[in-house]
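Observations on the model geometry
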Amino acid sequence: MKCRSCRAPAVIEVRRHNAGFCQPCFLRHCREQVTRTIADHHMLAPDERVLVAVSGGKDSLALWDVLLDLGYQADGLYLGLGIGEYSDQSGEYAKRYAAARGARLVEIDIPTAFGFDIPTGARAAKRVPCSACGLSKRHLFNQAAADGGYDVVATGHNLDDEAAVLFGNVLRWDTAYLGRQLPVLPGGDGFVRKVKPLIRLSERETAAYCVLTGIDYIVEECPMAEGNKHLGYKEALNKIEEQSPGSKAAFYFGFLDRVSELFTSVAAAERDGLRPCASCGAPTTGEVCAFCKLAARASKG
Ligand code: Q46
Ligand code: ZN
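The structure contained in this document is the topic of the report that follows. (Residues numbered from 1 in each chain as written. Chains lettered and ligands numbered in written order. Predicted model: local features only at pLDDT ≥ 70, side-chain atom pairs only at ≥ 80, totals over all residues. Heavy atoms only, no water.)

A few words on the site of ligand 1. With respect to spatial proximity, the complete set of residues near ligand 1 consists of L81, I83, C130, C133, K137, C222, M224 and A225. Here the residues of the shell around ligand 1 are counted per class, giving 7 nonpolar, no polar and 1 charged. (Near = heavy atom within 4 Å. Nonpolar A, V, L, I, M, F, W, Y, C, P; charged D, E, K, R; others polar.)

As structure tokens, then:
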């Protein structure tokens, strides 16, 4: 197979685009997809300060790398979740990348800063680990970005992630989640803007990007992910994609272009009811935000 752009031998085939790419043209393709996403959704202005949520995995490191290459002022934020060896190792990958690239990495270790780790916190709050983890990440990324004076938080969600989340939201017809499942969540009311610049790249493409640029990333999945619904949805969509390449992109971008607007009012209504958390000041619907509740339950053990 030959490269679609320059006819040199291809190193990767992207069936969704019915195209092969050589190494330089593939890396350019990745940058172009991100540039197009940022422009289409008005994600970032050139002079804005970006905080990239970095896990040490392929998606977040590829995102950070592309944003730096495109000239954005992008710092990384690594959250230590206290998930045993997995957290120790993923933190090392994040730090190694930052050092090699001469980029700034902000680090927050949840056990050190708040006195609990995600598995313990989840047990104490009777939540599944990914739920305790997800709410902690959302809270702490937002807080760190606000405290550090960043204009925007960027996360490495890729096309496979977004299609799988959409699949789950549609299966349950969760209209509030559907209204919030956007590539850009606007800032205001205590929220820093959140953007997902990798939605036009698949998981396989972000992995190839890292391999072809020599970025070392943690390959192991988080041990808590095992058996979660999200992985099941991904597998189901992978089967469909194998039979008809392009299905995931059609499903997700069709939703963004033609359907998502129908649900944004449901999500907007939710935002209207927000007030500052009595304990930390973060926007919440209750008296105390979900993160402060989790921290309080975890400290009682
Ligand atoms: S880190 Fe956290 Fe993920 Fe691990 S506990 Fe679940 S949500 S699986 S992206
Ligand atoms: Zn709070």
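Resuming the write-up.
Once that is clear, we can look at unusual backbone geometry. For R7, which is not glycine, the phi dihedral falls at a positive 70°. A positive phi angle is found at W173, which is not glycine, with a value near 45°. Position of W173 among the secondary structure elements: in the loop between α7 (159–171) and α8 (175–180). The exposed category is assigned to W173, whose relative accessible area is 57%. (Helix = DSSP H or I, 4+ residues; strand = E, 2+ residues; numbered from the N terminus. Buried < 20%, exposed > 50% of the residue type's maximum accessible area, 1.4 Å probe, protein only.)

Once that is clear, we can look at the pattern of salt bridges. Going through the model one piece at a time under the given rule, you end up with 18 salt bridges. Between D69 and R31 there is a salt bridge, and its shortest N-O distance comes to 3.7 Å. Separated by 38 residues along the polypeptide, D69 in helix α2 (residues 58–69) and R31 in helix α1 (residues 23–40) bring together distant segments of the chain. In this structure, K196 engages E162 in a salt bridge whose closest nitrogen and oxygen atoms are separated by 3.1 Å. Here E162 lies in helix α7 and K196 lies in the loop between β8 (193–195) and α9 (203–213), a separation of 34 residues in the sequence. (Salt bridge = Lys/Arg side-chain N within 4 Å of Asp/Glu carboxyl O.)

Okay, the environment of I218 next. Relative to the helices and strands, I218 resides in the loop between α9 and α10 (229–243). Of the residues examined, I218 reaches a relative accessible area of 6% and is grouped as buried. Spatially, the C-alpha atoms of I218 and G57 are 5.1 Å apart, while their sequence positions differ by 161 residues. Sequence-distant contacts of I218, that is, excluding residues within four places in its chain, are made with G56, G57, Y86, Q89, S90 and Y93. (Contact = heavy atoms within 4.5 Å.)

Once that is clear, we can look at a positive patch on the surface. A contiguous patch of positive charge on the surface is contributed by K126, R127, R138, K293, R297 and K300. In terms of residue count, helix α13 (residues 290–300) provides more of the positive patch than any other element does, 3 residues in total. Tracing the backbone through its elements, the reader meets R127 in the loop between α5 (118–124) and α6 (129–147). Take R127: its relative accessible area is 36%, and that puts it in the partly exposed class. (Patch = residues over 30% accessible without salt bridge, like charges linked within 9 Å, V, L, I, M, F, W, Y side chains within 5 Å. Areas by Shrake-Rupley, 256 points an atom, 1.4 Å probe, with all protein chains shown as cover. Lys, Arg positive; Asp, Glu negative; His and termini not counted. Charge placed at Lys NZ, Arg CZ, Asp CG, Glu CD.)

Turning our eyes to something else, we now look at the coordination of the zinc ion (ligand 2). Every protein donor of the zinc ion (ligand 2) is accounted for by C277 (SG), C280 (SG), C289 (SG) and C292 (SG), and the metal-donor separations fall at 2.3 to 2.4 Å. Relative to the metal, the 4 donor atoms surrounding the zinc ion (ligand 2) lie at angles of 106 to 113°, and the coordination shape comes out tetrahedral. Taken in chain order, the donor set of the zinc ion (ligand 2) reads C-x2-C-x8-C-x2-C. The buried category is assigned to C289, whose relative accessible area is 4%. (Donors = N, O, S within 2.8 Å, 3.2 Å for Na, K, Ca; no water. Tetrahedral: all angles 85-135°; square planar, octahedral: opposite > 155°, others 65-115°.)

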